[in-house]
Amino acid sequence: MSPRNWRVGVAGLGTVGAGLLTFLSERPGFAPAGGQVTVSGVSARSRSRPRPFDISGLRWFDDPVALAQSDEVDLFVELIGGSDGPAKAAVEAALKAGKPVVTANKALIAEHGAELAALAEAAGVPLLFEAAVMGGTPAVKMVREAMVGDDVRSISGILNGTCNFILSEMEQGGRAFEDVLAEAQRLGYAEADPTMDVGGFDAAHKITILAALAFNCAPDFAACEVEGVDQVELLDIRMAKDLGYRIKLIASAERSDEGVSVRVHPSLVPLAHPLAQAGGALNALFIEGQRLGRIFIQGAGAGAAPTAAAVAADIADVMTQAVRPVFQRPATELAAFTPVDRSRSLVRAYLRLLVKDEPGVIAAVSETLAEAGVSIESFLQKPVEDAEGVPIVLTTHSVSEAVLAQAVERIAGHPAVIKAPRLMRIARI
Ligand SMILES: NC(=O)c1ccc[n+]([C@@H]2O[C@H](COP(=O)([O-])OP(=O)(O)OC[C@H]3O[C@@H](n4cnc5c(N)ncnc54)[C@H](OP(=O)(O)O)[C@@H]3O)[C@@H](O)[C@H]2O)c1
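Residues numbered from 1 in each chain as written. Predicted model: local features only at pLDDT ≥ 70, side-chain atom pairs only at ≥ 80, totals over all residues. Heavy atoms only, no water.

1. Here's the deal with the environment of Asp193
(1) Moving on: The topology assignment puts Asp193 in the loop between helix H7 (177-187) and helix H8 (195-198).
(2) Moving on: When its relative accessible area of 52% is taken as the criterion, Asp193 is described as exposed.
(3) Moving on: Separated by 47 residues in sequence, Asp193 and Ala240 have C-alpha atoms that sit 29 Å apart.
(4) Moving on: A distance of 2.4 Å separates a polar atom in the side chain of Asp193 from a polar atom in the side chain of Thr195. (Helix = DSSP H or I, 4+ residues; strand = E, 2+ residues; numbered from the N terminus. Buried < 20%, exposed > 50% of the residue type's maximum accessible area, 1.4 Å probe, protein only. Polar contact = N/O pair within 3.5 Å; in protein donor to acceptor, adjacent residues only side chain to side chain.)

2. Notes on the environment of Asp63
(1) Moving on: Along the chain, Asp63 turns up in the loop between strand S3 (60-61) and helix H2 (64-69).
(2) Moving on: A relative accessible area of 38% places Asp63 in the partly exposed class.
(3) Moving on: Once the C-alpha coordinates of Asp63 and Ala118 are considered, the two residues, 55 residues apart in sequence, prove to be 24 Å apart.

3. A closer look at the domain arrangement of the protein chain
(1) Moving on: One can read the domain layout of the protein chain as domain 1 (5-132 + 306-333), domain 2 (140-299) and domain 3 (346-426).
(2) Moving on: Placing a centre on the C-alpha atoms of domain 2 and another on those of domain 3 gives a separation of 26 Å.
(3) Moving on: Contacts between the two partners involve 17 residues from domain 2 and, on the opposite side, 16 residues from domain 3.
(4) Moving on: Carbon and sulfur atoms make up 58% of the surface buried where domain 2 meets domain 3, a total of about 1,500 Å² over both sides.
(5) Moving on: Three residues stand out in domain 2 for area buried against domain 3, namely Met239, Leu243 and Leu268, and they jointly supply 37% of the buried area on that side.
(6) Moving on: There are four salt bridges connecting domain 2 and domain 3.
(7) Moving on: If you look at where domain 2 meets domain 3, you find seven residue pairs in polar contact (both at pLDDT 80 or more).
(8) Moving on: Secondary structure elements with two or more residues in the side of domain 2 that touches domain 3: helix H10 (234-242), strand S9 (245-256) and strand S10 (259-270).
(9) Moving on: Split by residue class, the side of domain 2 that touches domain 3 holds nine nonpolar, three polar and five charged. (Domains from an automatic or database assignment. Contact = heavy atoms within 4.5 Å. Buried area = accessible area lost by both parts, 1.4 Å probe. Salt bridge = Lys/Arg side-chain N within 4 Å of Asp/Glu carboxyl O. Nonpolar A, V, L, I, M, F, W, Y, C, P; charged D, E, K, R; others polar.)

4. As for the pairing of strand S7 (residues 152-158)
(1) Moving on: Burial runs high along S7: six of the seven residues are buried.
(2) Moving on: Across four bridges, S7 lies against S9 in antiparallel orientation. If you follow Ser156 over to S9, its bridge partner there is Ser252. (Pairing = 2+ DSSP bridges.)

5. Concerning the packing of aromatic side chains
(1) Moving on: Throughout the structure, instances matching the rule amount to three aromatic pairs.
(2) Moving on: Ring geometry for Phe129 against Phe327: centres 5.7 Å apart, planes inclined by 40 degrees, an arrangement best described as tilted. Highlighted residues: Phe129 in the loop between strand S6 (127-128) and helix H5 (140-146) and Phe327 in the loop between helix H12 (304-320) and strand S13 (346-355), separated in sequence by 198 residues. Phe327 shares its class with Phe129; the two are buried.
(3) Moving on: Ring plane angle 55 degrees and centroid distance 5.6 Å describe the contact between Phe286 and Phe296, whose orientation is recorded as tilted. One end of the pair, Phe286, is in strand S11 (residues 283-289); the other, Phe296, is in strand S12 (residues 293-299), with ten residues separating them in the sequence.
(4) Moving on: Note on Phe286: relative accessible area 10%, which makes it buried.
(5) Moving on: The exposure class assigned to Phe296 is partly exposed, which follows from its relative accessible area of 31%. (Phe/Tyr/Trp six-rings, centres within 6.5 Å; stacked < 30°, edge-to-face > 60°.)

6. Some words on the site of the ligand
(1) Moving on: Not every one of the 23 residues close to the ligand is listed here, only the nearest: Leu13, Ser46, Arg49, Arg51 and Gly303.
(2) Moving on: Note that an oxygen atom of the ligand is positioned 3.2 Å from one of the side-chain N or O atoms of Lys106.
(3) Moving on: When the ligand sits alone it has 900 Å² of accessible area, and the protein chains cover 80% of it.
(4) Moving on: Across the shell around the ligand, the residue classes break down as ten nonpolar, nine polar and four charged. (Near = heavy atom within 4 Å. Areas by Shrake-Rupley, 256 points an atom, 1.4 Å probe, with all protein chains shown as cover.)

7. Concerning unusual backbone geometry
(1) Moving on: The backbone phi angle of Met134 is positive, close to 65 degrees, even though this residue is not glycine.
(2) Moving on: In this structure, Met134 sits in the loop between S6 and H5.
(3) Moving on: Positive phi is not limited to glycine here, since Asn216 has a value of about 55 degrees.
(4) Moving on: Relative to the helices and strands, Asn216 resides in the loop between helix H9 (201-215) and strand S8 (225-226).
(5) Moving on: On the basis of relative accessibility, which here comes to 18%, the residue Asn216 falls in the buried class.

8. What about the nonpolar core?
(1) Moving on: Counting residues in each nonpolar core, the largest one holds 87 residues, and the members touching the most others are Phe76, Phe129, Ile207, Leu285 and Phe327.
(2) Moving on: Aside from chain neighbours lying at most four places away, what touches Phe327 is Ile109, Gly113, Ala114, Ala117, Phe129, Ala212, Leu213, Asn216, Pro219 and Leu334.
(3) Moving on: Core analysis: the second largest hydrophobic core is formed by 33 residues, Trp6, Ala31, Val102 and Ala316 among them. (Core = buried A, V, L, I, M, F, W, Y, C linked by side-chain atoms within 4.5 Å.)

9. Points about the pairing of strand S15 (residues 390-396)
(1) Moving on: For S15, the tally of buried residues reaches seven of seven residues, placing the bulk of the element in the interior.
(2) Moving on: What you see with S15 is no split at all: Val390, Ile392, Leu394 and Thr396 on one side and Pro391, Val393 and Thr395 on the other are buried throughout.
(3) Moving on: Bridge analysis of strand S14 (residues 376-381) against S15 gives five bridges, and the strand direction is antiparallel. For Ser378, the partnering residue across the bridge sits in S15 and is Thr395.

Structure (structure tokens):
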């Protein structure tokens, strides 16, 4: 093999695999290091499935592990997906065989990143995953490479295009969550099983990876608190807007003296903030560094061509033959996540209540919250929309999460409150 001719094995020929094969067939000499990239073997579930490109001239492997181990493969690209199963087995096989690996698989890296980094570093080969976060928008390289001279304090982003599309459509079209989700599925923006996206888990995988890169920790998916958009109601979107906010699914990672906080939840973002302006299926990311200050990037987070572009950028990096630690520090030196004590962290909150349409109820609610130690910042009451009750919304001043949780419990038990209160955080950005 000439070092200038890289033979690539591609496992997974779905959306991203198709995008990559199309790109490589058009631009085999794309890499700045020079040389050619040739696809020497492919693997997918079904050999006979129609594909948007011709695979008849390519060597077929039923088993992606055999492809990863093939003598005809210098670089293995994993585009199957899933945290375990064939994707993990094939990546492990490639690394154990001393082959560089490029993957777009956020679930795999978020859940098994540290052990795979140890395998890669033991073999002295790169394990790259630019496409795993924000698709084609270069977030991973920015945090891992361009920001090594800084200390990242916090990261906040919109990292799931499907959720962003759903929330944007709900607001613009005045439509309910279920209605927009069904349309997103028809258009192919959302999977038939939307749990990974709307449940917040996809964004959680991505912020887990960014947190590990930014804070030199081993990725710890279990430490990420996750809440999706499936409980966001149109009423909340409207009420939040009246108060000067837009609801976004915000993935955040923050480091303080007390530890690291990594979470995903629907949050209220001030309407003028760039994260509130990122509509449709866009992804966006805000990073705050001690020296660089604030950085904002925005772009396509998915799709065949943008994601394949990120995979191609990683292939080009492998071709330069520079090998860096997978997560900024060698796998053996990565710290464990030290989660912050939630009860002590401060938050500003949005609280929506459905109360009985009776005199004195609002005063009673305010009093109960004040007794529980929560101070109200603003208050909004909507005209009666149905016979069931009156929706009222309030935002709080900064309060500890423990005090807020106790206050919400007390208010939920108040005889004038008809339904369980809806609580959302106001983003700290
Ligand atoms: N789609 C995006 O825009 C996007 C963006 C960023 C990152 N990613 C990540 O990229 C990866 C691929 O996503 P995708 O959207 O391209 O997925 P996809 O369209 O569902 O494609 C998955 C591919 O894996 C193949 N596959 C499944 N099981 C297999 C097995 N046991 N052995 C060999 N091949 C197998 C499938 O084969 P068949 O074709 O025969 O069914 C299919 O070609 C995932 O990790 C995803 O999270 C995707």
